[in-house]
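# Analysis of the macromolecular model
So you can see what is in the structure, the chains are spelled out below.
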Amino acid sequence: MRFLFSLVFFLLALPLAFMLAFERGLLDAYVDEDAIPDELFIRAELASRTSPGDLSQRVDAALAAKAWDDAAMYAEIAAFMDMPLDPATQVRLEAENAFARRAARNTSSFVTGFVTGTGEDTPAFMGALASDLTVVGDIRDIGTEGTKLVRGEDYSTMILGLSVVGLAATTATVATGGGGLPARVGVSVLKVARKAGTITAGFARDMTRLLNEAMNFDKLGDTLRAVDLADSAATRRAVTSYADGISLARVMPVLDDVAAIERAAGPAETVRLMRYVENTEDLASVSKMTARYGTKTRGIMEITGKTSLRAFKTAWNLVLLALQWVWAIAGGIGALVAASLGRRVIRRRRA
């Protein structure tokens, strides 16, 4: 019996020790992060932090606040976890998703996003992205932020720099038949996120540093002073010519990561997910997570408080998984003990 308990202890302790070492990065040289499946760990933690009632309340609160995207996200988490929503909540969700409701909501928001470059929901973000993808947004932002630069006023280095990169990416997209499109999308998403206030201070600092390394803003100021910023065609020609001399080698990987998130989760969710990106290194982790979990990613992060797949692969989550099977383990041990006692009783009777 002592051997049996020692074996069970060993089988539980070894995985826990492994996960503790993995969590602290001690096994990075030996174990690839993707070698350990993450879905079981994510499900275990979600199961410990939410419930059908909790998700129903989240959906109801989102619908009351007219935050349709949030309501749909929590409903998707519920489906992922096989946690049925309250019938009344499901009815409200379906009513809000009716075609007439969606059409009225989407049209107004799209126009607002296209004109202002800002927004709060998916249609508005789509409108803002559409204006950028047609270069309208880049010229608009260069006119706004460039005017401040020319006047010696405070301006957004990030918005102005990204707008210049956007024009360069648009030219590359046309010249290569679409080769510059990921960068073009990445620029637009980051600009919309910056205006929406979802860019963290740390990421903004990293991105501003990269843009300063890529281009000379004093020279850009000279270029803008020599052109009428009210003339969009002249502004585009001058800035495009200036952009030919900038180096985007360190900026492009960041834009590619943003574009990858956009492909997996959509533009609006990408803008919102930027709240969880503290620096450019975090971006790769978020990109990997959205590639697997799509639009559920933000909900998983919000409910669990974790922002990367690696963060879920911890000893604590292994404990949560083990607890789900604790009765099976206990039952197995009990069966072995009962069998052992039974054999002893039989032997005594025969004796």
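Quantities reported herein were computed from a predicted structural model and do not represent experimental measurements.

### A few points about the environment of Thr198
Take Thr198: it is sitting in the loop between α10 (181–196) and α11 (201–214). Assessed through its relative accessible area of 4%, Thr198 is described here as buried. A C-alpha to C-alpha distance of 8.6 Å links Thr198 and Tyr276, two positions 78 residues apart in sequence. Here Val271 takes part through its backbone oxygen, which lies 2.7 Å from a polar atom of the side chain of Thr198.

### Points about the packing of helix α8 (residues 136–151) against helix α12 (residues 217–225)
Packed helices, taken two at a time, are described by the angle between their axes plus the distance between the axes. Between α8 and α12, the shortest axis-to-axis distance is 9 Å and the interhelical angle comes to 105 degrees. Regarding the angle of α8 to α12, the classification is roughly perpendicular. For the pair α8 and α12, the contacting residues are Ile142, Gly146, Leu149 and Val150 in the first and Phe217, Gly221, Leu224 and Arg225 in the second. A per-class count over the contact of α8 with α12 returns 5 nonpolar, 2 polar and 1 charged.

### Thoughts on the packing of aromatic side chains
Applying the stated criterion to the full structure yields 2 aromatic pairs. Relative to Tyr293, the ring of Phe80 has its centre 6.1 Å away and its plane inclined at 80 degrees; by these criteria the two rings are edge-to-face. Residue Phe80 is found in helix α4 (residues 68–80), and its partner Tyr293 is found in helix α16 (residues 280–293); the two are separated by 213 residues along the sequence. Residue Phe80 shares its accessibility class with Tyr293, and that shared class is buried. Centroid distance Tyr155 to Phe217: 6.3 Å. Interplanar angle 35 degrees. Geometry classified as tilted. Taken together, the residues Tyr155 in the loop between α8 and α9 (157–176) and Phe217 in helix α12 connect sequence positions 62 residues apart.

Cut-offs used in this document
- Every chain begins its residue count from 1, and numbering advances along the sequence as written.
- With pLDDT at 70 or above as the cut-off, local features in this predicted model cover only qualifying residues; side-chain atom pairs require 80 or more to be listed or tallied, and sums for whole chains, interfaces and linings still use all residues.
- Each side-chain value is derived from all of the structure's non-hydrogen atoms; neither hydrogens nor water enter the calculation.
- Strands are runs of DSSP state E lasting at least two residues, helices are runs of H or I lasting at least four, and both sets are numbered from the N terminus onward.
- Here the term buried applies to any residue with accessible area under 20% of the maximum for its type, exposed to any over 50%, and partly exposed to those in between, with areas from a 1.4 Å probe on protein chains only.
- Polar contact is defined as a pair of N or O atoms within 3.5 Å, subject to the rule that within protein one atom must be able to donate a hydrogen and the other to accept it, and that residues adjacent in sequence are counted only when both atoms are side-chain atoms.
- In this description, a line fitted to the C-alpha atoms serves as the axis of each element, helices being fitted only across the stretch in contact, and the angle between N-to-C directions of two axes falls anywhere from 0 to 180 degrees.
- In what follows, roughly perpendicular refers to angles from 65 to 115 degrees, roughly parallel to angles under 35, roughly antiparallel to angles over 145, and oblique to any angle outside these ranges.
- Any two residues whose heavy atoms approach within 4.5 Å at even a single point are treated as in contact.
- Gly is put with the polar residues, along with every residue not named as nonpolar or charged; the nonpolar set is Ala, Val, Leu, Ile, Met, Phe, Trp, Tyr, Cys and Pro, and the charged set is Asp, Glu, Lys and Arg.
- Each Phe, Tyr or Trp ring, with Trp reduced to its six-membered ring, pairs with another whose centre is within 6.5 Å; inter-plane angles below 30 degrees give stacked pairs, above 60 give edge-to-face pairs, and intermediate values give tilted ones.

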